[in-house]
Number of protein chains: 2
Amino acid sequence: MPDVHAVRRSRLADHLSQEGLTAAMVTDLVNVRYLTGFTGSNAALWLAADTTTDAGARLATDGRYRDQSAAECPDIERVIDRALARALLDAAHLSPGSVVAVETHSLSVDAYTGVTELLTASSVVARSIDRAIEQLRTVKDKTEQAALRQACDISVGALDALHAGPLLGRSEREIARDLEQKMYERGAEAVGFDTIVATGPHSAIPHHQPTDRMVADGDFLKIDFGARYEGYHADCTRTVVVGAAQAWQSDIYAAVRAAQQAGLDACVAGRDIAESDREVRRALDEAGHLEHFTTGLGHGVGLQIHEDPFISARHTGKLHAGTALTMEPGIYLAGRGGVRIEDTLVVTSGAPEVLTAATKDLLELP
Amino acid sequence: MPDVHAVRRSRLADHLSQEGLTAAMVTDLVNVRYLTGFTGSNAALWLAADTTTDAGARLATDGRYRDQSAAECPDIERVIDRALARALLDAAHLSPGSVVAVETHSLSVDAYTGVTELLTASSVVARSIDRAIEQLRTVKDKTEQAALRQACDISVGALDALHAGPLLGRSEREIARDLEQKMYERGAEAVGFDTIVATGPHSAIPHHQPTDRMVADGDFLKIDFGARYEGYHADCTRTVVVGAAQAWQSDIYAAVRAAQQAGLDACVAGRDIAESDREVRRALDEAGHLEHFTTGLGHGVGLQIHEDPFISARHTGKLHAGTALTMEPGIYLAGRGGVRIEDTLVVTSGAPEVLTAATKDLLELP
């Protein structure tokens, strides 16, 4: 069975061939990891469209990563040289007239200038790769789905354990640290992003940073968090009430839950990605709360916490089976409180597979 | 007393004037934070060289950050618009022939293309800012030094507390999590970077990632870690022996300690930055271990964990009072073990102020 990274490189090589590109110089480190498994902080990958030549795939990194690159990428030729781009171009022996794809969306102007000077000296042309690797990454393979599933299981396990203990009187910061510790105990390699713990009126702030405010009786407690596992990110939000829910809290909670379900129902392979956004907004509008939903609906998730595709009215295109997304509508009532319910899911030909399997019933916790 | 950010902007405006630049479009978020205090994830700053005009300073960000930008940057005109560059340029009303500095070292090619198209339409020229803000940032003002000092105090307090407990039999991962928890308890806003805990033979790997390996009797225990406080990073490494030190351990420890002291002694305002590197290498060579020092000697530290200036034979230039640096020589004996001693310091006209005031005596801990 070919290595999962070799399969990904083969898909990119096919794309390069179709676009009439000789090779790609991959400089974005997330994309390098996706295509090779290398996790260090300095590297570039050369990938030829014609994988039958000895040029094939070649990874350049510096001396700090000699052993690590050998361990992580045993099947790829490696060059240890601080001048990554120069080393890769020297090794490639390009013919005049070759066209090299570069990552103009992330490569800095100065780095690009350096690369194009080297290319021009060999009568070779640079062209934008036009986010081709980000596009490939939108459909997760089995290895990626397994890592996402594990990241989500760790996260949900940690949240359930947190919810099992008393919450009243604990500070936002303390709850955040406790939840993070519980993710580590369950095998998280890292906390995927800054944990949001928002109590009472703070829950109306979509991206609140934890403070020393203590959970009071009757507060909403909104937690947006996720573990990282083998590089893949879980992203989950649940909102509970500490004490007994008041009517307005139950009302907006029910509205968000129904809106999220409407979004999930529209999230099917082959349908337009904007349909979920339309359905969620329709549901929130019917509940009289459309104006209180002030964030984006969702985003791709994988090696990055936010990646292509994004869900909004501005983003169109068909959903594909295997795409991992978040779906995170909310209602935010400034000064009072807010609710967000967010899942990480994988698109299928039927109902999406929801990976963050924590209950969405409104919990009233002590 | 003028706001610290206004003082920094004034210094940049002076630089722009001297270079014949009309204004700068600052897109690097760390630099935006340095010049404004804004901590959100999407913004750009317009700064005119002539600060007497109403163009002055203007911050663009999107709707998510309307309230946060108002709270963090009350003294700057703000534009809320998703099209950051366009909004800033529209508001600036530039005359034909103006020259706008852009951050070509970090701005992507695609973003730069968008900006230059807008500029060309107004007969305005773009020019590289040539890392001018990174250069300003190398000298820390009092506010920055206070934040660095606090980050280092938190870090040292956490390490001392960790060292006070038993270490034998604990895993690298467990020790890393415990140390991080202790930093949070002491007021860290975040862990500044991935904590390195390396035991026994793992200590020979400069940038080892914690595993489930347990501390065994006679092991080196090398910990490289640091807290973040108000955006500023501490960076500290200490190596201890768990149990009784063997002669080879005491020998390489003493060699690293002496080499680090030689580096600190050469780290004086007005002297060349490469002198510390020469002195450290001379000391390690005399000890017969120069070949076992395989990393860089140090780097600037502040809003980023690694920033200008870097200390190595390749980097020259004078040291300035107020520059914050790390000094981190090591000896790494593959398969056996290694020692690194690292401090965060501030350059002065005399001996550097070492902010990471943990003992450098070789500790033998239970």
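This is a predicted model, so every value here is computed, not measured.

As for the interface of chain A and chain B
Consideration 1: If you look at the interface, chain A gives 14 residues, while chain B gives 14 residues.
Consideration 2: Both sides together, the interface formed by chain A and chain B hides about 1,600 Å², and carbon and sulfur atoms give 51% of it.
Consideration 3: The interface formed by chain A and chain B holds zero salt bridges in total.
Consideration 4: The tally of links between chain A and chain B comes to ten residue pairs in polar contact (both at pLDDT 80 or more).
Consideration 5: Among the elements of the structure, helix 5 (109-121) and helix 8 (172-185) of chain A are those that each provide at least two residues to the side of chain A that touches chain B.
Consideration 6: Looking at the side of chain A that touches chain B, the element that brings in the most residues is helix 8 of chain A, giving four residues.
Consideration 7: Here the side of chain A that touches chain B is composed, by residue class, of four nonpolar, five polar and five charged.

A closer look at the packing of aromatic side chains
Residue and element names in this part refer to chain A.
Consideration 1: As enumerated under the stated definition, the model contains four aromatic pairs over all chains in all.
Consideration 2: Between F38 and Y65, the aromatic rings sit 5.5 Å apart at their centres with planes inclined by 90°, giving edge-to-face as the arrangement. Note that F38 is positioned in the loop between helix 2 (29-36) and strand 2 (43-48) and Y65 in the loop between strand 3 (57-61) and helix 3 (66-72), a separation of 27 residues in sequence.
Consideration 3: Among the residues examined, Y65 registers a relative accessible area of 12% and is labelled buried.

What about the side chain of R177 of chain B?
Consideration 1: With respect to the element layout, R177 of chain B can be found in helix 8 (residues 172-185).
Consideration 2: Within the local environment of R177 of chain B, its side chain forms a polar contact with the side chain of E180 of chain B, the two groups lying 3.0 Å apart.
Consideration 3: Contacts of R177 of chain B, omitting those with residues within four sequence positions, involve Q181 and Y184 of chain A.

A look at the pairing of strand 4 (residues 77-80) of chain B
Consideration 1: Inspection of the sheet shows strand 3 (residues 57-61) of chain B paired to strand 4 of chain B by four bridges, in the parallel sense. By the bridge assignment for strand 4 of chain B, L59 of chain B is matched with R78 of chain B.

Here we look at helix 7 (residues 142-164) of chain A
Consideration 1: With 23 residues, helix 7 of chain A extends 33 Å from end C-alpha to end C-alpha; this agrees with the ideal 33 Å at 1.5 Å per step.
Consideration 2: At the N-terminal end of helix 7 of chain A, a side-chain oxygen is found 3.2 Å from the backbone nitrogen of T143 of chain A, two or three residues along, and the residue is D141 of chain A.

Structural notes on the pattern of salt bridges
Close approach of charged atoms lets side chains of opposite charge pair.
All names here are of chain A.
Consideration 1: Under the criterion given, the structure shown has 48 salt bridges over all chains.
Consideration 2: Note that R173 and D212 form a salt bridge whose closest N and O atoms lie 2.9 Å from each other. Placement of R173 in helix 8 and of D212 in the loop between strand 8 (196-199) and strand 9 (220-225) is noted, with a sequence separation of 39 residues between them.
Consideration 3: Since its relative accessible area comes to 37%, R173 is described here as partly exposed.

Rules of the game
Residues numbered from 1 in each chain as written. Chains lettered and ligands numbered in written order. Predicted model: local features only at pLDDT ≥ 70, side-chain atom pairs only at ≥ 80, totals over all residues. Heavy atoms only, no water. Contact = heavy atoms within 4.5 Å. Buried area = accessible area lost by both parts, 1.4 Å probe. Salt bridge = Lys/Arg side-chain N within 4 Å of Asp/Glu carboxyl O. Polar contact = N/O pair within 3.5 Å; in protein donor to acceptor, adjacent residues only side chain to side chain. Helix = DSSP H or I, 4+ residues; strand = E, 2+ residues; numbered from the N terminus. Nonpolar A, V, L, I, M, F, W, Y, C, P; charged D, E, K, R; others polar. Phe/Tyr/Trp six-rings, centres within 6.5 Å; stacked < 30°, edge-to-face > 60°. Buried < 20%, exposed > 50% of the residue type's maximum accessible area, 1.4 Å probe, protein only. Pairing = 2+ DSSP bridges. Expected span 1.5 Å × (residues − 1).

So, to be careful, I would describe these as geometric facts and stop short of saying anything about function.
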